[in-house]
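Examining the three-dimensional arrangement
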Amino acid sequence: MKFSYNWLKEYIPKLPEPKQVADLVTRHAFEVSEIKKQKGDVIFDIDILPNRMPDASSHRGLAQEIAAIMKLNLSAKGGSASGGKSQKSKFNLKKKKLKKNDLEISILDKDTVLRYHGALIKSIKIKPSPKWMQERLGALGIKSINNVVDITNYVMVEYGHPLHAFDYEKIHGRTLTIRKAKADEALETLDGVSHSLSDDILVISDKDRIIDLAGIMGGKNSEMDPKTKTVFLQVATFEPTFVHRASRILKKRTEASLRYSAGIDPNLAGLALERALLLLGELADGTVTGFIDIYPKPVYARHIRFRPEKANQVLGTRIPEKEMTSILQRLSFDVSRKKNAPKELIVKVPSLRRDLELEEDLIEEVGRIYGYDQIEAKRPVGELAPAAIDRHLFFKEKIRDLFRASGFDEVRNYAFIGEKHIADLGPQDRSALIEVENPQSREFSHLRPILLPSLAYAVSEALKFSKDIRYFEVGRVYQWLPVTYRDTPDLERLNLAFAITHAKNQEGSQAFFELKGALDTIFESLGLHDVWYDDVPASPETLTQGVGRFLHPYQFSEIKLGEKKLGIFGMLHPALKKKFNIKDDLSVGEVFLDELIGETEKEKEYRPISKYPAVTRDLAILVPRDVRVVKVLDIIENTGGSLLTDVDLFDMYEGDEIVDGKKNFAFHLIFQSTDRTLKDEEVERVMQNIIKALEENIEWEVRK
Amino acid sequence: MEDLNRLEKEAKGEIAKTASDAVLTNIRTKWLGRKGRLTMVLRGLKDLPEEDRRRVGQEANRLKKTLEDLFEERRVEFREKERVAKEKRVDVTLPGRKMPIGHLHPLTRALREINSIFQSLGFSVVGGPEIETEWYNFDALNIPADHPARDMWDTFWLKTKDRKQKLLLRTHTSPVQIRYMKKHQPPFRIVIPGKVFRHEATDATHEMEFHQLEGLMVDKGISIAHFKHVIGHFFEKFFETKAKKIEVSLRPSFFPFTEPSFEVWISCIFCAPRATARRTSRKGCSVCKYSGGLEVAGAGMVHPTVFHNAGLNPKDVQGFAFGFGVERLVMMKYNIPDIRLFHSSDPRFLRQF
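Residues numbered from 1 in each chain as written. Chains lettered and ligands numbered in written order. Predicted model: local features only at pLDDT ≥ 70, side-chain atom pairs only at ≥ 80, totals over all residues. Heavy atoms only, no water.

Details of the overall build of chain B
The condition that has to hold: We count a stretch as a helix when DSSP gives it H or I for four or more residues in a row; a strand needs E for two or more, and each element gets its number in order from the N terminus. Radius of gyration: C-alpha atoms only; globule rule: 2.2 Å multiplied by the number of residues to the exponent 0.38. Between buried and exposed lies partly exposed: a residue is buried under 20% and exposed over 50% of the maximum accessible area for its type, with that area taken using a 1.4 Å probe on protein chains only. We call two residues in contact when some of their heavy atoms are within 4.5 Å.
On a plain count of helices and strands, chain B comes out with 11 helices and 9 strands. Against the compact-globule benchmark of 20 Å for 353 residues, chain B has a radius of gyration of 39 Å, which places it well outside the compact range. Structurally, chain B occupies a C-alpha span of about 125 × 55 × 50 Å along its principal axes. Counting across all 353 residues of chain B, residues that qualify as buried make up 55%. Expressed as a percentage of contacts within chain B between residues at least 6 apart in sequence, the contacts between residues at least 24 apart total 66%.

Regarding the pairing of strand S5 (residues 209–219) of chain B
Residues and elements named next belong to chain B. We count it as follows: Only when DSSP finds a minimum of two bridges between them are two strands counted as paired.
For S5, the tally of buried residues reaches 10 of 11 residues, placing the bulk of the element in the interior. Across 10 bridges, the pairing between strand S4 (residues 188–197) and S5 is antiparallel. From the neighbouring strand, Arg189 faces S5, where its bridge partner is Met217. One ladder, built from 8 bridges, connects S5 with strand S9 (residues 318–325); its direction is antiparallel. Within the sheet, the bridge partner assigned to Val218 lies in S9 and is Gly319.

Observations concerning a positive patch on the surface
Operational definition: Residues qualify for a patch when their relative accessible area is over 30% and they have no salt bridge, like charges being joined within 9 Å and the nonpolar side chains of Val, Leu, Ile, Met, Phe, Trp and Tyr within 5 Å. Areas reported here follow the Shrake-Rupley algorithm with a probe of radius 1.4 Å; residue values treat only the protein chains shown as occluding. Criterion for a salt bridge: a side-chain nitrogen of Lys or Arg within 4 Å of a carboxyl oxygen of Asp or Glu. The convention is simple: Lys and Arg are positive, Asp and Glu are negative, and His and the chain ends are not counted. Note that the charge is assigned to NZ on lysines, CZ on arginines, CG on aspartates and CD on glutamates.
Together, Arg34, Lys35, Arg43 and Lys46 of chain B line one region of the surface with positive charge. Its location among the elements puts Lys46 of chain B in the loop between helix H3 (37–43) and helix H4 (50–86).

A word on the nonpolar core
Our working rule: Here, nonpolar core refers to any group of buried Ala, Val, Leu, Ile, Met, Phe, Trp, Tyr and Cys residues whose side-chain atoms link them within 4.5 Å.
Tyr116, Leu176, Phe232, Phe238 and Phe306 of chain A together with Phe118 and Phe324 of chain B are the most contacted members of the largest nonpolar core, which has 229 residues in total. The biggest single contributor to this core is helix H9 (residues 267–284) of chain A, with 10 residues. Those residues within four positions of Phe306 of chain A in sequence are excluded, and the remaining contacts are Ala311, Met324, Leu328, Lys343, Glu344, Leu345, Val347, Glu359, Leu362, Ile363 and Val366 of chain A. Ranked by size, the runner-up nonpolar core spans 32 residues in total, among them Phe472, Leu526, Leu528 and Val591 of chain A.

Side note on the sheet that holds strand S26 (residues 585–592) of chain A
Residues and elements named next belong to chain A. Which entries qualify depends on this criterion: Axes here refer to lines fitted to C-alpha atoms; in helices the fit is confined to the stretch in contact. Angles between the N-to-C directions go from 0 to 180 degrees.
In spatial order, the strands read S18-S21-S22-S26-S25-S24-S23; together these 7 strands make up an open sheet with mixed pairing. Of all the strands in the sheet, just strand S18 (409–410) and strand S23 (531–534) have a single pairing partner and so form its edges. With 2 bridges joining them, S18 and strand S21 (residues 470–478) adopt parallel strand pairing. Bridged to Glu410 within S21 is Phe472. Strand contacts of helix H16 (residues 452–462): S21, strand S22 (492–502), strand S25 (564–572) and S26, with the helix running at about 150 degrees to S21, the strand carrying the most contacts.

Observations regarding a negative patch on the surface
Residues and elements named next belong to chain A. Judged by side-chain charge, Glu524, Asp634, Glu637, Asp646 and Asp648 come together as a negatively charged surface patch. Of all the elements in the fold, those that place two or more residues in the negative patch are helix H20 (629–640) and strand S28 (644–653). For Glu524, the position within the fold is in helix H17 (residues 510–525).

So, the domain arrangement of chain A
So the rule is basically this: Residue ranges for the domains originate in an automatic or database domain assignment.
Assigned domains within chain A: domain 1 (2–70), domain 2 (104–294), domain 3 (302–371), domain 4 (392–603) and domain 5 (615–703). One C-alpha centre belongs to domain 4 of chain A, the other to domain 5 of chain A, and the line joining them spans 35 Å.

Regarding the packing of aromatic side chains
Definition in use: Ring geometry is summarised as follows: Phe, Tyr and Trp rings, the Trp one being its six-membered ring, pair when their centres sit within 6.5 Å, and such pairs are stacked at plane angles under 30 degrees, edge-to-face over 60 and tilted between the two. Two conditions define a charge sitting above a ring: the NZ of Lys or the CZ of Arg must be within 6 Å of the ring centre, and it must be within 35 degrees of the ring normal.
With the rule as written, the count across this model stands at 43 aromatic pairs over all chains. Relative to Phe580 of chain A, the ring of Tyr457 of chain A lies with its centre 5.7 Å away and its plane at 65 degrees, an arrangement referred to as edge-to-face. Within this pair, whereas Tyr457 of chain A is found in helix H16, its partner Phe580 of chain A is found in the loop between helix H18 (574–579) and S26, the two being separated by 123 residues in sequence. What links up through ring pairs into an aromatic cluster is the set Tyr372 of chain A together with Phe118, Phe123, Phe227, Phe234, Phe235, Phe238, Phe239, Phe262, Phe320, Phe322 and Phe324 of chain B. One residue, Lys166 of chain B, lies across the ring of Trp157 of chain B, its end atom 4.3 Å from the ring centre.

Overview of the interface of chain B and chain A
Heads up, the rule is: Buried area adds together the accessible area that both of two parts lose upon being put together, with accessible area traced by a 1.4 Å probe.
Between chain B and chain A, the residue contacts involve 88 residues of the former and 89 residues of the latter. Together, the buried faces of chain B and chain A total about 7600 Å²; carbon and sulfur atoms form 53% of this surface. Of all residues in chain B, the largest losses of buried area upon contact with chain A belong to Asp146, Lys159 and Pro252 of chain B, amounting jointly to 9% of the total for that side. On inspection of chain B and its partner chain A, the count reaches 7 salt bridges. The shortest N-O distance in the salt bridge between Asp409 of chain A and Arg351 of chain B comes to 2.8 Å.

Observations concerning the sheet that holds strand S10 (residues 202–205) of chain A
Residues and elements named next belong to chain A. Pairing is mixed in the open sheet, where 5 strands are placed in the order S4-S7-S10-S11-S12. The open sheet is flanked by strand S4 (104–107) and strand S12 (217–218), the only strands paired with a single partner. Inspection of the sheet shows strand S7 (residues 175–180) paired to S10 by 4 bridges, in the antiparallel sense. From the neighbouring strand, Lys180 faces S10, where its bridge partner is Leu202.

Section: the packing of helix H1 (residues 4–17) of chain B against H4 of chain B
Residues and elements named next belong to chain B. Just so we agree on the cut-off: Working definition: roughly parallel below 35 degrees, roughly antiparallel above 145 degrees, roughly perpendicular at 65 to 115 degrees, and oblique for all remaining angles. The nonpolar class holds Ala, Val, Leu, Ile, Met, Phe, Trp, Tyr, Cys and Pro. Asp, Glu, Lys and Arg form the charged class, and all remaining residues, Gly among them, are polar.
At their nearest, the axes of H1 and H4 sit 11 Å apart, and the two run at 5 degrees to each other. The angle between H1 and H4 falls in the class roughly parallel. The residues of H4 that touch H1, namely those facing Leu4, Leu7, Glu8, Ala11, Lys12, Ile15, Ala16 and Lys17, are Val56, Glu59, Ala60, Arg62, Leu63, Thr66, Leu67, Leu70, Phe71 and Arg74. Of the residues belonging to the contact of H1 with H4, the class tally is 11 nonpolar, 1 polar and 6 charged.

Details of helix H10 (residues 308–315) of chain A
All names here are of chain A. Of all 8 residues making up H10, 6 are buried, and the element is well covered by its neighbours. Along H10, the residues classified as buried are Pro308, Lys310, Ala311, Asn312, Val314 and Leu315. Within two residues after H10, Gly316 carries a phi angle of roughly 75 degrees, on the positive side.

Structural notes on the side chain of Ser587 of chain A
Residues and elements named next belong to chain A. Going by this rule: The definition of a polar contact used here is a pair of N or O atoms within 3.5 Å, where within protein one atom must be able to donate a hydrogen and the other to accept one, and adjacent residues in sequence count solely through side-chain atom pairs.
Position of Ser587 relative to the elements: it lies in strand S26. Its relative accessible area of 0% is what places Ser587 among the buried residues. In this structure the side chain of Ser587 is engaged in a polar contact, spanning 2.9 Å, whose partner is the backbone oxygen of Ala511. Ser587 has contacts with Phe498, Ala499, Ile500, Ala511, Phe512, Leu515, Gly570 and Met571, leaving out every residue within four places of it along the chain.

Remarks on the environment of Asp530 of chain A
Residue and element names in this part refer to chain A. Position of Asp530 among the secondary structure elements: in the loop between H17 and S23. Taking the C-alpha atoms as reference, Asp530 lies 68 Å from Lys182; in sequence the two are 348 residues apart. Asp530 has contacts with Lys560 and Leu561, leaving out every residue within four places of it along the chain.

Observations regarding the pattern of salt bridges
Residues and elements named next belong to chain A. Summed over all chains, the structure comprises 79 salt bridges over all chains. Notably, a salt bridge pairs Lys560 with Asp534, separated by 2.6 Å at the nearest N-O pair. Residue Lys560 is located in strand S24 (residues 551–561), and its partner Asp534 is located in strand S23; the two are separated by 26 residues in the primary sequence. Asp534 matches Lys560 in its accessibility class, with the two residues each being buried. Among the ionic pairs, Glu563 bridges to Lys560, the shortest N-O distance being 4.0 Å.

Given below as structure tokens:
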């Protein structure tokens, strides 16, 4: 909001130079975002805080604030700045009541208007306003129109209350009705913009039509023109919420709507009207024929209890009571001592300060005028409880570290997805998608239900800059539940997604096993020794919370602990590879971290390390080509008993040297006991049992 | 008969001084060879009187064993040296081979660092939902509907099936204050890092999705003076400015959920550290826009209405809350020019951290 230095100086003759004013205002009240020299004046751009709009969005109000900060006196002439040489209004506001024949005002919803004040003025001479007024408005960026309009604007920036002048002859039926608009109504405002209205919007209409958007802007149809003779000058204090809502819906902000939205002291309406009439008499020759003042619930000054001791406790200071009283008085509050309570004061704040209601509000006034910079930092004392470490958070970070240690780079994608990814989701996922009502764009219209689509896309982008991408992401996913949710945290889950690329010239399944190996390492580091990879015969489309759709139908596996699904991984579906234009092999997967972390907590248990040596035996076996490793492993493990602690596949061969369409597996078998050194015969006995069990399959042949 | 002690000293000295295998062989012959000096001693034993013969014999044989061991020890040493000398000399100027190692996102790193600074001050790290109800995000924080204060947050609203409760993407981490205070008993000392959303156009300094860290310290008698200490300590640690002290300056502001409210400014970490004290001096750099100060956080004393909405009696508790944008601090610290890079999938960015 713009303020003129020269104008402020009329209120405060001893005002220091502009830079010092800006510095002090910034430290004690509002940020001065710009100081600009302009035609012999200096214009400040000041960010008046929203709660201070009622009292400080005017030159008179800001001058009051500056005087309080700087311990300076306001000029005795007060509000009579330039123009308005005569000190007293020549109109007596109380005597001439507006006749119903002249103009009838009706307010349909009483709660929409706090005060409706105004005057009918005849014999107006429309002409340009004097040079000093034009210059002053111009400096603040307000265009000069004519003397009457300029006066309304001038009084607004002087007092902070907006005014509006209607051309009386254009008010059909001599009635003004303040009401909510109807859905099919419309109005063209003074700036030539047409608005279609709704019942959320407060308007003023005459007998036939709407002529004003209350608190925002007047209608073109009741605009003054050079021939205007009679003016109805309206100073209405609207209830802030109605103006604010209408201004938001119509996306229309004006100097008036800003002030109305923040709330205005209805008592200001009287002062503003008086001031405007004074100027109208001087600059437009008008004569008042009648006044109206509908003010059913007058607003009075508030009394607030204030305890200096409490103020010092909140601020962390030792400001003497005398100094606090002086600060409050400088802000033009009355301070008195509370009866029978020597440590309490009663502070009377004017209705203009709509922001002050509680003792805390007054503490802020004392604190900022005293100066926050004067408060010395103090180390907090008291019981020092050690910070609690959240287990969930701990494991989340541990998982990040493990992926990083396995050569993965971390990415963070947007929580939003758009049409590009939605089409790929399964029907179930699509129906559970959470949609943004007012999205930024079509690319960010919904919240992601899984991480994988955005990660796969990120990898395709990354491949433009580098080969061998290994990415992971830990992030939240969002979905409606099939049942009613209890609270919003129910709609969110924490997932983990990962991807590895491999240049195409290598063996097709390399990326798959590299990812599987990385996962093994990570699960083991987390103490999850029993994770297994389930070979699911069904098509992946329906599997594992919709992630399966993104995987190659024959190259994927579910990650399980017992029967619990922790996630799924595999090669990216060929259709998506094509869509994202990925030439390299790409293995991807997604894990449900909430499930995983739950399991990690259970699994943490100490396993004793055996003091006795381990014995390793090798076993090689020829099997038909369609036999899978897991089948052989199962037999070995089931027969091996408690002495067999580990089995490792260290070689697989299916080359030409092996006949009959067979392949060769070679394993290390590790035997160990926790209570004794194993004897050769013991191990041998187990080995023979294993071999016997394996060779029960007719085509299998253990090589000896 | 030579003195065995003197012989031992002399022989050991010679062995120690020997510099090559060839010389060592000569010295061995000199001492232990057929006509070696020690051999001569042993041969002379028979001429000794009976009572000396046994004693000297034992001594001489012990010395012989000692010298043989020493010769052997040195020989092994020389052979090993010769073997190593034949091995290839490595070209240390060749480039090293890198082990594959991944990278954590800069935000992950920064959040860990920030959390640990606050943990060292006794603050616990707490989380909350990103999808919020209108009540938690606004009403509970003393931001009523149709109040211009709501315009301070441009909100993403969600389409909901039931019209009773409006849902949104949280515009700040402050709702977690309410959620936490409802479930716990004071004193509170928590920080809440998390993702927040604003419906605004993105550019180099604006994002629709970014992170905030919210802090809350509530007890009896927690004051603005305490806040100044905590926040000053944090920024000094985070920006690692051990030499120059960061000056914290509070400027009046307005937030519906705090009273008093203020903006937190620190002396610019890139230029004149004391410039905030005198704003009039035109020193500074482009980062602080030649003001010498940086606005880094919003803060205030928790508003009584907020305590009330969280089920606490404002008479019993007092404390401060603060919040700041994490990306902005990380951008300052690592000199990252564009906030949109945090969502980048470009490995040339991600692999820098």
